[in-house]
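Structural features, examined
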Amino acid sequence: MSLPRIAIIIPVYNTAKYLNQCLDSILLQTFQNYIVFATNDHSSDGSREILERYQQTDSRFRLIDNNIGRGVGNARNSAIRAMLDSGIKFDFVYFMDSDDYLDSNVLAKCIDGLTSTQSDYAVFSVNKISKTSKTKPETSRTHEYKILNHDEIVQQYFRLTPYYKHHPSSANFLNNKIFSFNSIKNIRFDPSLKRGGDAGYFLNILPNLTKGILIEDAWFNYRLRKSSITCQVKRSGAFNACLAILPQLDKRCELEQIGIKNKLISAIWTELEQILTSNPKDPSFFRSLQAYRNLKINFYKTDRNSLKRKCILELLPEKLVKVFFLVKIKLRKPKDLSDYFE
């Protein structure tokens, strides 16, 4: 039996400060049958030169220039196209960000679990690191990996059970997930989603994931950066990602429908808060609120928190909703970013 091969896709934009650590963490993997497709997305800080050096010294690293259009979605799509055009047979695909890094055993544990259980999908733990804190969260570690059926994959991603509410694997991005090649080969990123692209991509893949594994003791190290804490107010993130799914929502299983609807509430809630945090007088607050209300979706079997938010968003007069958010923002303790990376 031939050794499985994994494609690692990395979009790179001005992360020279962290890029070596990212790429070195791949070189140090105990599983070595991979090819890296790293897309330079018009970097101006020397990131491209770093990618060139790795390509020159190791044939498994392939530099791609993003000629489709700027943005992480286009950069990833460029890498997917290069992967498909390479003529190489891949069994699995992993999407990584260029300012983060992996523990050395992640690929080995995931590939072993995926192949031995014949699964489509692996999800593993996230360690959020700041300048001074690198301590991993506690996990149960009662099993090498937990096998997930489709409903359990949905429950884990949308955090629909108490077990997953604060589990270290519960993250909306793609960086702690590995997919079978067949599950993603026909899916592309939506470049119009400037934020929330990971969520949009995963929601499109989700129906293809029939069996998965959860590996608690394998770690993706997520660097907390100030530049990632933004207050963008355009509805181009998770809200739009969920909106794109709504026309086909009735084709999804019941749990997916519940998860997507809950995520939609969470997304509009976050968006409204971001709008007023950025500018308390921004008229787009009412436009966004009305856009949500116009959906008139029946949110059944939702959790208590989503139900509370639904009632506030839909039952209170618009001006009272705004007052509620302004008071909430005023009482909120400011986030201390002094320990975050640049």
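Residues numbered from 1 in each chain as written. Predicted model: local features only at pLDDT ≥ 70, side-chain atom pairs only at ≥ 80, totals over all residues. Heavy atoms only, no water.

So, on to the pattern of salt bridges. Under the defined criterion, the tally for this structure stands at 12 salt bridges. One salt bridge connects R76 with D97, and the closest N-O pair in it is separated by 3.3 Å. Linking R76 in helix α3 (residues 72-85) with D97 in the loop between β4 (92-95) and β5 (101-102), this pair joins segments that are 21 residues apart in sequence. The salt bridge involving E273 is made with K328; its shortest N-O contact spans 3.0 Å. Here the residue E273 occupies a position in helix α10 (residues 254-278), and K328 occupies one in helix α13 (residues 318-331), the gap between them amounting to 55 residues. Relative accessible area serves as the criterion here: at 12%, E273 is assigned to the buried category. The exposure class assigned to K328 is partly exposed, which follows from its relative accessible area of 29%. Through salt bridges with shared partners, one network takes in R48, E52 and D65. (Salt bridge = Lys/Arg side-chain N within 4 Å of Asp/Glu carboxyl O. Helix = DSSP H or I, 4+ residues; strand = E, 2+ residues; numbered from the N terminus. Buried < 20%, exposed > 50% of the residue type's maximum accessible area, 1.4 Å probe, protein only.)

Burial within strand β6 (residues 121-129) is extensive, with 8 of its 9 residues counted as buried. Bridge count between β6 and strand β8 (residues 177-180): 3 bridges; the pairing is antiparallel. Residue pairing for β8: V123 is matched across the bridge by K177. Alignment of β6 against strand β9 (residues 211-223), held across 9 bridges, turns out to be parallel. For I129, the partnering residue across the bridge sits in β9 and is R223. (Pairing = 2+ DSSP bridges.)

With that settled, the discussion passes to the environment of E256. By the element assignment, E256 lies in helix α10. With 53 residues separating them in the primary sequence, E256 and L203 have C-alpha atoms 9.0 Å apart. Setting aside residues no more than four positions away along its own chain, E256 makes contact with H150, V154, F158, L206 and P207. Within the local environment of E256, its side chain forms a polar contact with the side chain of R252, the two groups lying 2.7 Å apart. (Contact = heavy atoms within 4.5 Å. Polar contact = N/O pair within 3.5 Å; in protein donor to acceptor, adjacent residues only side chain to side chain.)

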